[in-house]
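For reference, the chains in residue letters:
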Amino acid sequence: VQKGEKLAHLESQHLGCFVFKPNSKKRRISSTAEGDYFSEGKNDSEDSGLRFATCQLLWKQINSEMEKIQDELNKQLFDNLINFLRQSHSEFQTESTEWMCRMKSSEIPTAALVLGVNVTDHDLTFKSLSEVLQDSITPYVVSLQAKECPGIKHLLQKLMGQLMNCYVDVDDSEEEECVNISQKKMRCSMASLSQWYKDVTKKSGFETSSKKRTSSSRHWQSPPIVVIFKDMESFTTKVLQDFIVISSQHIHEIPLVLIFGIATSPMIIHRLLPHSVSSLLCIELFQSLSCKEHMATVIDKLLLTTQFPFKLSEKVLQVLINIFLYHDFSVQNFIKGFQLSVVEHFYSQPLSVLCCQLQEAKKRINSLSHNQCENIRSLPSFRRYVESQVSEKQIALLTEDNFLKEVTQTLLEDLNSYHENYFPVLRCLHVFTSSLPKYPLGKQIRELHCACLGKRVWETEEYGSAVQLMRMLAKAELVAILQKCVEIFTSSSGKQFSNTIEKMEEFLTRFQNLEVAETNDIQDVSVSSQNELQKKTDLYHLQKTLLELKESKRSKKLTKFEMLRFEVVDFIESLVRSYLTPAEMQTLNEVVYFNTANTLREHLNAAPRIALHTALNNPYCYLKNQTLKSDVGCISNTAPDICIAYKLHLECGRLINLVDWLEAFSTVVTAVEGKDLDSTATDQMDEIIHARFIRAVSELELLGFIKPSKQKTDHVARLTWGGC
Amino acid sequence: MPNFEHPEYPEATLLHLESMVPCRESQVSSLLSVFGKRQHFSFPSIFIYGHTSSGKTYVIQTVLETLELPHLFVNCIECFTSRLLLEEILTQLQNLSSEKKHGSRVPCDTFNDFVRLFKQETITQDLQNQTVYIVLDKAEQLREMEANVLPGFLRLQEFTDRNVTVIFLSEIVWELFRPNTGCLEPFTLYFPDYSIGHLQKILSHYHPPEYSADFYAAYINILLGVFYTVCRDLKELRHLAALNFTKYCEPVVRGEASERDTRRLWKNIESHLKKAMQTVYLREISSSQWEKIQQDDGEPGHLKGLSAHAHVELPYYSKFLLIAAYLASYNPARTDKRFFLKHHGKIKKTNFLKKHEKTSNHLLGPKPFPLDRLLAILYSIVDNKVAPTANIFSQITSLVTLQLLTLVGHDDQLDGPKYKCTVSLDFIRAIARTVNFDIIKYLYDFL
């Protein structure tokens, strides 16, 4: 009955959780169904199967690239950590009897790992960290989460559980033995842990001497036990303190190393641990790359490259970046959003079948169906292109499929070369703008990229002021920038830049020549003017020459350097105008650009409150029932009961009188139908209306709009204000 | 002539014991008299208390070991449940009584079982003839176990009918232990804090073999001069002494000063020790890092301590959420109108000051506020329009997990949750500065 409410529920759920494709492995099981995901009611002329395969392949490439980037970014941090771990217990074996060692209290080596507030990314970091540690340092890596360890008992249980399991991983032959151990109910105490450790190291020591050199040569005789506290902030003080105190008693028996995963700042250690406990630790700080830098690298490697045919339009990119900057700082979420746009693009755009490497795309063009040709013809960018052609060609393009295919091939080539030119020039412009004061075009290259993608950048105000500032750059800066630009162009693959490089190198040599010439010039001028001054001795003439000198200074002729600077800036401007045209202007850009930002926003930045409000306030929006169409502000009696009740409650204050509410409700409901009913039926009607009202109210309570109040009898309290 | 006199033990042992426990002679001698002869029944329970590192554990351990009395040591923090504690005692007892090692663990759930098993274990003649000492270190943990554990241990002698004495070691006084149902009072013994003289004596006692005792004593003197005001913890002082000793020796090693040139050595070390007090003592930088700095002879300035990394980078809206939460926590709700309504009129602070509000809200600490108020303030302090998306709500939750906000009341309260903002004024000012928001203008206390 209450479809509105249900739909609102559905809608909010739909908006609230993002469904991504399941693993490709599972997909393989039903090979016949492959590609069905994209066809859904449409006929196969739109290459849904091929699109799906392309999408899969593309994402696989992107994903592997992403993993590579991640590994590179984490490498520095992990290397530092590994060094720390290596050193931390180096003296554990060599029982030194030195005075120094006896006197020093033995602290537990601890790494405070500051990872930043993007908690969603930490899991991945910790996962790869423990993999790296297991590969290079020790098989005994335990990661603990605060929610698993409400007490010290649970913590030790988890710790030992994970340790026993990781022992199995090291050596398969001993699996049975380990199972036995874990089946016997282990006493969860540090003492039994140290006993276990002694047994294990003794055993592996035997093996190294006999046969298993390879397996344990990676780790040393007594590998440390690494305990990772994933979310330090959420652990209770008591658990942490107890654990540290206990393990410090056993530090001579077990080489324990702690890693604190910290999201905020290392100050939290002092907040959680009193001095008596923190003095048991030997804390060293490690800081991961900031998520903003991480993001910049990801964008640089993923979006500002011709490696992948798929591109994001300005608006979509803006949505993703805004979510990142405004909401979560999570690079993982950004990548998920990117994945969603890939899937969405291949799903919704039939022509995305051409979104692949150029050679392959050319092949695919030839096998396009008639329907697909029609699709091409209906692309706005293609229509623009047709209109700009002569009339015979227009007719040919619109009627002959084969001709269309030929043209499409060349158009795709154009698009490809557009991208090849776009990125180097963009980088080059960024080198210029990022050295300007106040960054009129943004500090990050992504801001510049968005500006260039969306509109003609040279028409914007910011660009104008940037060029103004560029004309005032000092020589040393300018030379450095030019050198960088030359590097960018030489490293880019395009051959068409050979002229540009030549030109820039010419500028550079001219700057060098300038240096010599300039010094001579200045000397000449000053000498001559002074000579003149000395010549004319009378007052009148002196005044005149001084005035002249002043004039000449004001409208000073441009020096050679300034001329050259103008030339350079003009040259850059010409590059920008010819290469940094907005993507939307390109013919066939719809094939590779994903531009439905709205869908993405709806999915990634869900607004459950707004969805619920819309559903209840304007049920037509979801139910699509003509009778529900109503003017804003008036309450129609055809709407579902809950909608009527909701609308009425919006007009109330914080406390709602139930009787008044019921009366208003019954007035609305009986507004039309009540007129021709005789009085005997009204009593019965009232009861039904009463029941309907109670149901509507309890549904509103379920949705969290109202709650029963004890302040006044027969009143309920509103939990929302202003109705969003 | 030894300080301790006891007919039971040979003089050599007592002399040796005396050298092992400097500055604790009176406590040890009273312990010895309480213990009596080996076969004598002693007090059923002895309660020893004193401040951190006043030598409680060390002295007891040394006495029991030097005199070779049968004893077992249990740390109550480590055995965090009564079951673990009882079983640990029984296992250690097994090792005591018999030569066969690694007796299997005996399951022992209740104190009743414990008494029964204890009797079984101590049946051997060896243990019958002399007092068995059970030492419970960090005994304050016992108060958190079942109610019968502490009273049970207090009269273990009576229950088991064996020659056993339980020694409790604790940092707090007996009055805080006494259960309200009453119990057998133990013999209490107080270990007073070491005086500066004691510390000097004990620390110089363990001088490094390469240097003379006098040289090291002079060093300890300087060390205590710097650290005594902040730290009297013997362990910590010993650690610090070991850490900085190489630096002290440097002039001697280089031949610039003789061992007797105290003034010169003092000049060399004093500033270094002061720096140590600000960094390594507070665990701002770790001991190993400190040693590395010493070796490289570099300045510790370039190595920032933990507190130097106080800056937290937050997403844009999280910053505003935190600012809004701070405002909601420290401003009275009535004043919201004054700060966030455009035409609030001229309301002076004095006009709506109530008597109790004259004290600074910052002195009183953060007050809880409902979610709605937080959002209302958020919407009015952010320049552009903020949609109430799921992301905003999840950001509030993330701020709670980051401990920047705390949830007041239960986690499962879904309707009208209340929060408190836990960040400091300095922190929020730093955050507000990054978004160009003048938070002082919006705080009632600074009006």
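The rules behind the values
Residues numbered from 1 in each chain as written. Chains lettered and ligands numbered in written order. Predicted model: local features only at pLDDT ≥ 70, side-chain atom pairs only at ≥ 80, totals over all residues. Heavy atoms only, no water. Axes fitted to C-alpha atoms, helices over the stretch in contact; angles between N-to-C directions. Helix = DSSP H or I, 4+ residues; strand = E, 2+ residues; numbered from the N terminus. Parallel < 35°, antiparallel > 145°, perpendicular 65-115°, else oblique. Left-handed = near helix turned anticlockwise from the far one by under 90°. Contact = heavy atoms within 4.5 Å. Nonpolar A, V, L, I, M, F, W, Y, C, P; charged D, E, K, R; others polar. Buried < 20%, exposed > 50% of the residue type's maximum accessible area, 1.4 Å probe, protein only. Salt bridge = Lys/Arg side-chain N within 4 Å of Asp/Glu carboxyl O. Polar contact = N/O pair within 3.5 Å; in protein donor to acceptor, adjacent residues only side chain to side chain. Expected span 1.5 Å × (residues − 1). Domains from an automatic or database assignment. Buried area = accessible area lost by both parts, 1.4 Å probe. Patch = residues over 30% accessible without salt bridge, like charges linked within 9 Å, V, L, I, M, F, W, Y side chains within 5 Å. Areas by Shrake-Rupley, 256 points an atom, 1.4 Å probe, with all protein chains shown as cover. Disulfide = S-S within 2.5 Å. Core = buried A, V, L, I, M, F, W, Y, C linked by side-chain atoms within 4.5 Å. Pairing = 2+ DSSP bridges. Phe/Tyr/Trp six-rings, centres within 6.5 Å; stacked < 30°, edge-to-face > 60°. Lys NZ or Arg CZ within 6 Å of the ring centre and 35° of its normal.

**Quick word on the packing of helix α9 (residues 196–205) of chain B against helix α11 (residues 234–254) of chain B**
Packed helices, taken two at a time, are described by the angle their axes make and the gap between the axes.
All names here are of chain B.
Part 1: Where α9 meets α11, the closest approach of the two axes is 11 Å, and the angle between their N-to-C directions is 50°. The pairing of α9 with α11 is recorded here as oblique in orientation. Read as a crossing pair, α9 and α11 show a hand that is right-handed. Facing α9, whose interface residues are L199, I202 and L203, α11 presents L234, L237 and R238.
Part 2: Split by residue class, the contact of α9 with α11 holds five nonpolar, no polar and one charged.

**Some remarks on the environment of L133 of chain A**
Residues and elements named next belong to chain A.
Part 1: With respect to the helices and strands, the residue L133 is situated in helix α6 (residues 119–136).
Part 2: L133 gets classed as buried once you look at its relative accessible area, which sits at 0%.
Part 3: In this structure, the C-alpha to C-alpha distance between L133 and N375, residues 242 residues apart in sequence, is 53 Å.
Part 4: Contact partners of L133, with chain neighbours within four places excluded, come to I82, L85, T138, V141, V226 and I259.

**Remarks on the interface of chain B and chain A**
It is common to report an interface's size as the accessible area lost on association of the parts.
Part 1: Contacts between the two partners involve 65 residues from chain B and, on the opposite side, 61 residues from chain A.
Part 2: Inspection of the region where chain B meets chain A yields one salt bridge.
Part 3: With its nearest N and O atoms 3.5 Å apart, the salt bridge here joins K292 of chain A to E313 of chain B.
Part 4: Taken together, chain B and chain A are joined by 13 residue pairs in polar contact (both at pLDDT 80 or more).
Part 5: Mapped by element, the contributors of at least two residues to the side of chain B that touches chain A are α4 (82–97), α11, α13 (287–296), α14 (316–330), α17 (371–381) and α18 (390–401) of chain B.

**Digging into α14 of chain B**
Part 1: An ideal rise of 1.5 Å per residue puts 21 Å on 15 residues; α14 of chain B measures up with 22 Å between its terminal C-alpha atoms.
Part 2: Across the 15 residues that make up α14 of chain B, a large majority, 14, are buried.

**A look at the domain arrangement of chain A**
Residue and element names in this part refer to chain A.
Part 1: Domain annotation of chain A identifies domain 1 (75–202 + 218–289), domain 2 (294–521 + 558–593) and domain 3 (608–718).
Part 2: Counting residues at the interface gives six residues for domain 1, matched by six residues for domain 2.
Part 3: Summed over both partners, the interface of domain 1 with domain 2 buries about 480 Å², with 55% contributed by carbon and sulfur atoms.
Part 4: Seen at the junction of domain 1 and domain 2, the total is zero salt bridges.
Part 5: Put simply, domain 1 and domain 2 have five residue pairs in polar contact (both at pLDDT 80 or more) between them.

**Brief notes about a nonpolar patch on the surface**
All names here are of chain A.
Part 1: Where nonpolar side chains cluster on the molecular surface, the patch consists of L558, M563 and F566 and spans about 270 Å² of accessible area.
Part 2: Looking at the element boundaries, F566 is found in helix α27 (residues 560–579).
Part 3: Its relative accessible area of 34% is what places F566 among the partly exposed residues.

**Observations regarding the state of the cysteines**
Part 1: What the rule picks out here adds up to zero disulfides over all chains.
Part 2: In this structure C485 of chain A is a free cysteine whose sulfur lies 3.2 Å from that of C428 of chain A, the closest cysteine sulfur available.
Part 3: Left unpaired, C79 of chain B is separated from the closest cysteine sulfur, that of C76 of chain B, by 7.0 Å.
Part 4: In this structure C79 of chain B comes out as buried when scored by relative accessible area, which is 8%.

**Concerning the nonpolar core**
General note: in soluble globular proteins, nonpolar side chains tend to be found buried as a group.
Part 1: Residues F382, M504 and I572 of chain A together with L322, I323 and I381 of chain B are the most contacted members of the largest nonpolar core, which totals 155 residues.
Part 2: When residues in this core are grouped by element, the largest group, 14 residues, is from helix α21 (residues 401–433) of chain A.
Part 3: Core analysis: the next-biggest nonpolar cluster, separate from the first, contains 81 residues, M190 and L193 of chain A together with A139 and F168 of chain B among them.

**Structural notes on the sheet that holds strand β1 (residues 45–50) of chain B**
Residue and element names in this part refer to chain B.
Part 1: The five strands lie next to each other as β2-β3-β4-β1-β5, forming an open sheet whose pairing is parallel. Strand pairing shows two members of the sheet lacking a second neighbour, β2 (71–75) and β5 (187–191), which therefore form its edges. For this sheet, the mean inter-axis angle between neighbouring strands, taken without regard to orientation, is 20°.
Part 2: Judged from the five bridges that link them, strand β3 (residues 132–137) and strand β4 (residues 164–170) form a sheet pairing that is parallel. Counterpart to I134 in the pairing with β4 is V166.

**Details of the side chain of H419 of chain A**
Residue and element names in this part refer to chain A.
Part 1: With respect to the helices, strands and loops of the structure, H419 is situated in helix α21.
Part 2: Look at H419 and you get buried, because its relative accessible area is 5%.
Part 3: For H419, the contacting residues outside a window of four places in its chain are T306, K311, V592 and Y593.

**Comments concerning the environment of H541 of chain A**
Residues and elements named next belong to chain A.
Part 1: Checked against the element boundaries, H541 lands in helix α26 (residues 539–554).
Part 2: Of the residues examined, H541 reaches a relative accessible area of 32% and is grouped as partly exposed.
Part 3: When the C-alpha positions of H541 and S330 are compared, they lie 74 Å apart, and in sequence the two are 211 residues distant.

**What to know about the packing of aromatic side chains**
Part 1: Applying the stated rule across the entire model yields 48 aromatic pairs over all chains.
Part 2: On the basis of an interplanar angle of 65° and a centroid distance of 5.3 Å, the ring pair of F47 of chain B and W174 of chain B is categorised as edge-to-face. In this pair, F47 of chain B is assigned in strand β1 and W174 of chain B in the loop between β4 and β5, connecting sequence segments 127 residues apart. W174 of chain B carries the same exposure label as F47 of chain B, and that label is buried.
Part 3: Feature note: the residues Y326 of chain A together with Y316, Y317, F320, F339, F340, F437 and Y442 of chain B constitute an aromatic cluster, connected by ring pairs.
Part 4: Over the ring of Y620 of chain A we find K624 of chain A, and its NZ or CZ is 5.7 Å from the ring centre.

**Observations concerning the sheet that holds strand β2 (residues 141–144) of chain A**
All names here are of chain A.
Part 1: Reading across the sheet, the five strands line up as β2-β3-β4-β1-β5 and stay open at both edges, with parallel pairing between neighbours. Of all the strands in the sheet, just β2 and β5 (281–287) have a single pairing partner and so form its edges. Looking at each pair of strands side by side, their axes are set apart by 20° on average, direction ignored.
Part 2: Where strand β1 (residues 108–114) lies against strand β4 (residues 256–262), five bridges are found, and the strand directions are parallel. Each residue of the ladder has a partner; that of L113, found in β4, is G261.
Part 3: The sheet contacts of helix α11 (residues 237–249) involve β1, β3 (225–229), β4 and β5, and relative to β4 the element is tilted by about 160°.

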